[in-house]
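Chain and residue survey
Each chain is listed here by its residues.
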Amino acid sequence: MVDRTSNSSPKPLTMARYNPKDTEPRWRKAWADADAFRAVMDPGRPKYYVLEMFPYPSGRLHMGHVRNYALGDVIARFKRARGFSVLHPMGWDAFGLPAENAAMERGVDPRGWTYDNIARMRAELKELGLSIDWSREFATCDVEYYGKQQAWFLDLFARGLVYRKEGVVNWDPVDQTVLANEQVVDGRGWRSGAPVEKRRLNQWFLRITDYADQLTDDLQTLDRWPEKVRVMQENWIGRSRGLKFAFAFAGSPPAGFESGLEVYTTRPDTLFGASFVGIAPDHPLATQVAEGRPEAAAFIALCKQGGASQAEIDTAEKLGFDTGLIVQHPFDPDRTLPVWIANFILMDYGTGAIFGCPAHDQRDLDFVTKYGLPVIPVVLPPGEDAATFQVGGEAYTGPGMIYHSDFLDGLDIEAAKAAAIARIEAGKQGEGATVYRLRDWGVARQRGWGCPVPVVHCATDGVVPLPKAALPVALPDDLDFGKPGNALARHPTWKHTTCPICEGAATRETDTLDTFVDSSWYFARFVDTQADEAINKAAADYWLPVDQYIGGIEHAVLHLLYARFVTKALADDGQLSVREPFAGLFTQGMVTHETYRRQSGEWLEPSQVEVIVESKTRRARLLENGADVVIGDVEKMSKSKKNTVAPEEIFTVYGVDAARLFVLSDSPPERDSQWSTAGVAGAWRFVNRVWEEFDSQPAPTAGDAAQDAPALALRRATHRLIRQVTEAIEGFRFNSGIARLYEFLNLLKANPAAGASPGLQAARDEALSAFARLIAPFTPHLAEECWVRVGGQGMVALAPWPAFDAALTEDAIRVLPVQVNGKRRGEISAPAGADPAEVEKIVLDDPEIARRLEGLTIRKVIVVKDRIVNIVAA
RNA sequence: GCCGCGAUAGCUCAGUGGUAGAGCGCAUCCUUGGUAAGGCUGAGGUCCAGGGUUCGAAUCCCUGUCGUGGCACCA
């Protein structure tokens, strides 16, 4: 190489800019060649299973993926360095509607579309430099996977946890197909635009309600789950304790109701405030009443017309129809109540019938106000007078004393509930009961791209589960997805088979399983993806539970609840030992970005816009013609708002490490993170500054770290850094750990290699060696390059985590601020751990402090060890 | 309606009884052979508001305001 100029001193040739295009692929190949991340069952080491929610193969990696998998990779690399045997696998949640839609729109095959997408996304994920054991990769649409799923489905069938019953589905009358809830937009089919009908179909259900109690109670054991998620699950299951009892009819009961009309309540304490009994419009008694009375039938039809949207439900007027039937009050047969059909009562909660206590329930109050039924207060709020208390337009639901209530008078609410339940139970009129909001899990989908339900329908033997030997029930290769509806059902030959019992002609079930079934056990398949059985129990006993599960909050209820349920069901079947799949759960925030629009309102991509910062204000203009652009809200990256940034483009410009570093450093992982070009450019500058620091460091010397003052100070800072980064990673505060690394780099630059004493040189060797290992979880490629530069052994990906010397993390001399009456007035130096009397003496001898105290009387001196001194004076 | 979460520098966020911090941005200056850059120095904060506890509150408690998430005619 030739110097092109000769009039200035030459720069060292090693001062090359860091080039991720060279280093990053090179290290990924080195990791792969060394098989560095293969998970091994090693009884001699503690295990650690870290798992990110597996992706749907949409075809492109987005920033949310980058954040999710970078977070998990930090944990995996950290735990590996800490000596754990780490399992960190990856797979694909590959069945589902997008593939069918792509098939219909573009005339492609869903299988080919899906596997092509997987190939593309696998390449992108590998580019991220994740420390994944790729030998365990699978997709849920692999027959080797869903065949095993069919096997345990049959096991649950045998245990009575699978059943068929009529369920209500969304039916698109134009496309002639069942729609998932998310395909119904404002009450209309998302493709056809036709109003969606409710239709009753035979559906497959998993009996998750059998586990409702366990699923609620065991939430208490999940102490490494966010409180928020536990609360959401608890609300979703919605366990409520109350009373079920039957009202006896006055006069002859309607057919089928000889034992009375059963209701459920959580407020048995307010029974004496009852003024009517209400039943749901689709209650069997309502149906019976409607048979003889056209006006009742008309009312029921009116109720069913009501829109399903939330807004309509919220504003719907309370409507009722008096059936003319009369029931007796359970505690006083002489007192009677009318039975109304009411539009606000739900058939599928409790018994579909209630007693109305308008004084203490707002819905009941709205109802009786309209129809002129009595309002009888039975709970007296504290401080109110029984003689004058009245309920106005608002029901009273607070605490108080029961009155107007015979044997319950004078009790508080809880005591009255217990007494009322006891009386009902003694009279054999009913009993205390627990009900749940949770419904059984409808798992059937009338779709062709899913896991077939492994049963056949036989004219002789009915619904027959297949024997295990007949598995897998594989999808045919030649499904026609060219038109709406279930491609499996219309396949010409696939469904025709024979009955395993009578060997006569039979047809296969053409429903497939909800994709939430596919994702309810994949973590257990990862422990041994080659096993003949669904789950290799020995491997599961080693690896499970997942120690750290990471994913989006959007799965807080359904996916996590289903996975918990399936784990418990399989444990009861002896296939698993754990009863909870995920010991630790972390829900990361979304990646957001500013939005931009033209003056006309049309969305613009970030790449079309230039943001100009002028001192305190920001404005934006269109790159192509300089037109003003409106800067909108910061929102989740989405195609519709065009505020996405493609990871590939960022990798190309700044490298993978800079992209990883930015998404990890910007926000606490559980919060939303705002993507910005300035931010990733800042991370890129950090990568370069780190490399410069390592590149300018002379080869390590054998010299010992002599204890001159700058060397000792650097050593202390190094050991403090190790401690801080370690604690930050353990506490999921990656952004704080990275902030400490930024600060430390500034410190290194303040103590440069040039002109350093031998002691400082040695302290720098120690610091850089630690630094290379500390950045490895965040920027693994850069860390490898730095590790080589400091002469590290082997690859940093497999190097042990640096240890810190606790003694070195504490300073021997502390600077203590001194406050007078809570205001900072000076500072003093004292030995670490100095006792209060000693410190007090130093403080009072300090001339500056003494000046501040002139003319004041010292009332008290508060010394907080190693922290602060406060003098109270007047 | 019910249950949560949040509000700290221009922006994104740490800090959770004891000296108000980081990154980015901004300003000054230096370098212009690390150059689609690099470096020095600096300015910038009624810690949402009000009340309480305390020697001391951004931090704990209460009330409110604004923003935001989940559930919801669930008896």
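1. Focus on the packing of helix 20 (residues 677-695) against helix 22 (residues 734-750)
- Relative orientation of the contacting elements helix 20 and helix 22 amounts to 40 degrees, with a least axis distance of 11 Å. As summarised for this structure, helix 20 and helix 22 are arranged oblique, according to the angle between their axes. Along this stretch, helix 20 crosses helix 22, giving a crossing that reads as left-handed. Here Gly682, Ala683, Phe686, Arg689, Val690, Glu692 and Glu693 of helix 20 lie close against helix 22, whose contacting residues are Leu741, Tyr742, Leu745, Asn746, Leu748 and Lys749.
- For the contact of helix 20 with helix 22, the per-class residue count stands at seven nonpolar, two polar and four charged.

2. Thoughts on the sheet that holds strand 9 (residues 261-265)
- In space, the three strands of this open sheet follow the order 9-8-16, with antiparallel pairing throughout. Sheet topology places strand 9 and strand 16 (430-435) at the edges, where each strand pairs with a single neighbour. The average angle at which neighbouring strand axes cross in this sheet is 30 degrees, direction not considered.
- Of the pairings in the sheet, the one linking strand 8 (residues 240-247) to strand 16 comprises six bridges and is antiparallel in character. The partner of Lys244 across the bridge, within strand 16, is Glu431.
- Most of the contacts of helix 12 (residues 413-426) go to strand 16, to which it runs at about 125 degrees, and overall it touches strand 8 and strand 16.

3. Some thoughts on the side chain of Thr140
- Note on placement: Thr140 falls in the loop between helix 4 (110-127) and helix 5 (143-158).
- Residue Thr140 is classed as buried on the basis of its relative accessible area of 0%.
- Among the polar contacts made by the side chain of Thr140, one reaches the main-chain amide nitrogen of Ala94 at a distance of 2.8 Å.
- Look past the residues within four positions of Thr140 in its chain and what remains in contact with it is Phe54, Trp92, Asp93, Ala94, Phe95, Tyr145, Tyr146 and Asp518.

4. Description of empty space enclosed by the protein
- Summed over the entire model, instances satisfying the criterion amount to three cavities of 30 Å³ or more.
- Together, Arg77, Ala81, Arg773, Ala776, Pro777, Val796, Ala797, Ala799, Pro800 and Trp801 line the second largest cavity.
- Among the residues making up the lining of the second largest cavity, the classes are represented as eight nonpolar, no polar and two charged.

5. Here's the deal with the pairing of strand 8
- Two strands pair when backbone bridges link them, and strand 8 and strand 9 are joined in this way by five bridges, in the antiparallel orientation. Bridge pairing links Ala246 to Glu262 in strand 9.

6. So, the sheet that holds strand 12 (residues 332-342)
- Read across the open sheet, the four strands follow the order 11-12-10-13; overall the sheet is mixed. The sheet terminates laterally at strand 11 (320-329) and strand 13 (353-356), the two strands that pair on one side only. Pairs of neighbouring strands in the sheet enclose a mean axial angle of 30 degrees, with direction left out of account.
- Both strand 11 and strand 12 contribute to a ladder of seven bridges, which runs antiparallel. Along strand 12, the bridge assignment pairs Val327 with Leu337.
- Contacts from helix 8 (residues 284-292) reach strand 10 (276-279), strand 11 and strand 12, with the element oriented near 120 degrees to strand 11.

7. Overview of the packing of aromatic side chains
- For the structure shown, the criterion picks out 42 aromatic pairs.
- When the ring of Phe54 is compared with that of Tyr522, the centres are 3.6 Å apart and the planes differ by 5 degrees; the resulting orientation is stacked. You can see Phe54 sitting in the loop between strand 1 (47-52) and helix 2 (63-81) and its partner Tyr522 sitting in helix 15 (residues 522-525), a full 468 residues away along the chain.
- Taking the relative accessible area as the measure of exposure, Tyr522 reaches 0% and is therefore buried.

8. Side note on the environment of Ser259
- Mapped onto the elements, Ser259 comes out in the loop between strand 8 and strand 9.
- Judged by relative accessible area, which is 67%, Ser259 ranks as exposed.
- Sequence spacing of Ser259 and Ala248 is eleven residues, and the spatial spacing of their C-alpha atoms is 6.9 Å.

9. Details of the packing of helix 7 (residues 227-237) against helix 17 (residues 558-572)
- Where helix 7 meets helix 17, the closest approach of the two axes is 10 Å, and the angle between their N-to-C directions is 75 degrees. Classed by the angle they form, the pair helix 7 and helix 17 counts as roughly perpendicular. Residues Val229, Gln233, Trp236 and Ile237 of helix 7 touch helix 17, and the partners they reach there are Leu558, Leu560, Leu561 and Arg564.
- Classifying every residue of the contact of helix 7 with helix 17 gives six nonpolar, one polar and one charged.

10. Overview of helix 23 (residues 758-774)
- Between its first and last C-alpha, helix 23 extends 24 Å over 17 residues, near the 24 Å set by a 1.5 Å rise per residue.
- Of all 17 residues in helix 23, 15 are buried, a share of seventy percent or more.

11. Some remarks on helix 21 (residues 709-730)
- For helix 21, with 22 residues, the first-to-last C-alpha span of 32 Å sits near the 32 Å given by 1.5 Å per residue.
- Phi turns positive one or two residues past the end of helix 21, at Phe732, with a value near 60 degrees.

12. Brief notes about the nonpolar core
- Tyr49, Tyr522, Phe523, Leu544, Trp675 and Phe778 are the most contacted members of the largest nonpolar core, which has 172 residues in total.
- Here this core takes ten residues from helix 2, the largest share from any one element.
- Apart from the residues lying within four places of it in its own chain, the contact partners of Trp675 are Met63, Val591, Thr592, His593, Met637, Val645, Ile650, Phe662, Val663 and Val680.
- With 56 residues, the next largest nonpolar core counts Phe257, Phe321, Phe344 and Tyr396 among its residues.

13. Notes on the environment of Tyr562
- The residue Tyr562 is located in helix 17 in this model.
- Residue class for Tyr562 comes out buried when judged on its relative accessible area of 11%.
- Taking C-alpha positions, Tyr562 is 29 Å from Arg120, a pair spaced 442 residues apart along the chain.
- Not counting residues within four places of it along the chain, the set of residues in contact with Tyr562 comprises Ile208, Trp441, Phe516 and Ser520.

Criteria and cut-off values
- Residues numbered from 1 in each chain as written.
- Chains lettered and ligands numbered in written order.
- Predicted model: local features only at pLDDT ≥ 70, side-chain atom pairs only at ≥ 80, totals over all residues.
- Heavy atoms only, no water.
- Axes fitted to C-alpha atoms, helices over the stretch in contact; angles between N-to-C directions.
- Helix = DSSP H or I, 4+ residues; strand = E, 2+ residues; numbered from the N terminus.
- Parallel < 35°, antiparallel > 145°, perpendicular 65-115°, else oblique.
- Left-handed = near helix turned anticlockwise from the far one by under 90°.
- Contact = heavy atoms within 4.5 Å.
- Nonpolar A, V, L, I, M, F, W, Y, C, P; charged D, E, K, R; others polar.
- Pairing = 2+ DSSP bridges.
- Buried < 20%, exposed > 50% of the residue type's maximum accessible area, 1.4 Å probe, protein only.
- Polar contact = N/O pair within 3.5 Å; in protein donor to acceptor, adjacent residues only side chain to side chain.
- 1 Å grid on protein atoms, 1.4 Å probe; cavity = no way out; pocket = protein on both sides within 12 Å on 5 of 7 lines; lining within 4 Å.
- Points joined across faces, edges and corners; volume = space filled by probe spheres on them.
- Phe/Tyr/Trp six-rings, centres within 6.5 Å; stacked < 30°, edge-to-face > 60°.
- Expected span 1.5 Å × (residues − 1).
- Core = buried A, V, L, I, M, F, W, Y, C linked by side-chain atoms within 4.5 Å.

These figures capture arrangement, not role.
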